[in-house]
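A structural walkthrough
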Amino acid sequence: MTYATPQIEEIFMNFELNCEKAIDYMKGEYNLMRAGRANPKLVEGIRVDYYGAMTPINQMGNISIPEPRCLLITLWDKSALKDVEKAILAANIGVTPQNDGTVIRLTFPVLTEERRKELVKQVKKLAEDTKVVLRNARREAMDGLKKEKNAKTVSEDLIADYEAEIDKALSKQIESVDKLAKDKEADVMSV
């Protein structure tokens with residue numbers, strides 16, 4: 001869509017960027033939630049002191065999932081196994097690594113019903129927090145449009161159209177958040 005002024009275009013770009021950041025953050029947090037099955041994202045952020053440089057585990061070897069509740073970390077340099085094991089323990093991800101001298105295994109326990117319900121609460125809270133961020137982005141955009149209206153750089157009819165467009169975009173973003181939360185909730189509750 002073309003906008004009447006560069007300022008209005010900037011308002012829309014900021015709104016879209018803020019919404020995108022909020023949803024990306026939410027997706028990242030959902031990927032880090034342990035839902036009873038193995039997920040390589042749980043260990044990708046862990047850094048190991050490897051010859052003096054803090055190196056992410058995923059850059060030191062392969063991370064595979066041989067079975068649904070097991071992660072297998074195969075390092076290219078077997079001498080770093082102890083360091084990786086220590087880093088995983090220090091990261092406190094809730095799983096104890098098993099080092100057999102060639103690979104590191106992480107076996108995730110089945111979640112209890114109580115823990116699943118706790119995770120569902122976290123999923124819902126994160127979804128609600130994301131919606132708050134989206135609404136704040138909407139408010140900022142509306143304030144920007146109001147300033148443009150008061151400066152009389154754009155007609156009131158156009159401003160009303162832009163406000164409706166922002167509301168429509170917000171509704172879409174909130175639907176997306178609800179769908180992500182519902183999918184993650186189903187994932188957490190599946191045994």
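Read on for an overview of the structure. If you're wondering where the values come from, they're calculated on a predicted model, not measured in any experiment.

Let's talk about the overall build of the chain
Check the secondary structure of the chain and you find 5 helices and 6 strands. Listing every helix and strand of the chain by position from the N terminus yields α-α-β-β-β-β-α-β-β-α-α. By the compact-globule yardstick of 16 Å for 191 residues, the chain is too spread out, its C-alpha radius of gyration being 23 Å. Across its three principal directions, the C-alpha atoms of the chain cover 70 × 40 × 25 Å. Looking at the chain as a whole, 36% of its 191 residues qualify as buried. Surface exposure of the chain reaches about 11400 Å², of which carbon and sulfur atoms provide 51%. One way to put it: in the chain the 30 positive side-chain charges average out to a point 5 Å from where the 32 negative ones average out.

Re helix H1 (residues 6-32)
The end-to-end C-alpha distance of H1 is 39 Å, a good match for the 39 Å that 27 residues give at a rise of 1.5 Å each. Among the residues of H1, those classed as buried are Ile8, Ile11, Phe12, Phe15, Cys19, Ala22, Ile23, Met26 and Tyr30.

Quick notes on the rules
Residues numbered from 1 in each chain as written. Predicted model: local features only at pLDDT ≥ 70, side-chain atom pairs only at ≥ 80, totals over all residues. Heavy atoms only, no water. Helix = DSSP H or I, 4+ residues; strand = E, 2+ residues; numbered from the N terminus. Rg over C-alpha atoms; globule rule 2.2 N^0.38 Å. Buried < 20%, exposed > 50% of the residue type's maximum accessible area, 1.4 Å probe, protein only. Areas by Shrake-Rupley, 256 points an atom, 1.4 Å probe, with all protein chains shown as cover. Lys, Arg positive; Asp, Glu negative; His and termini not counted. Charge placed at Lys NZ, Arg CZ, Asp CG, Glu CD. Expected span 1.5 Å × (residues − 1).

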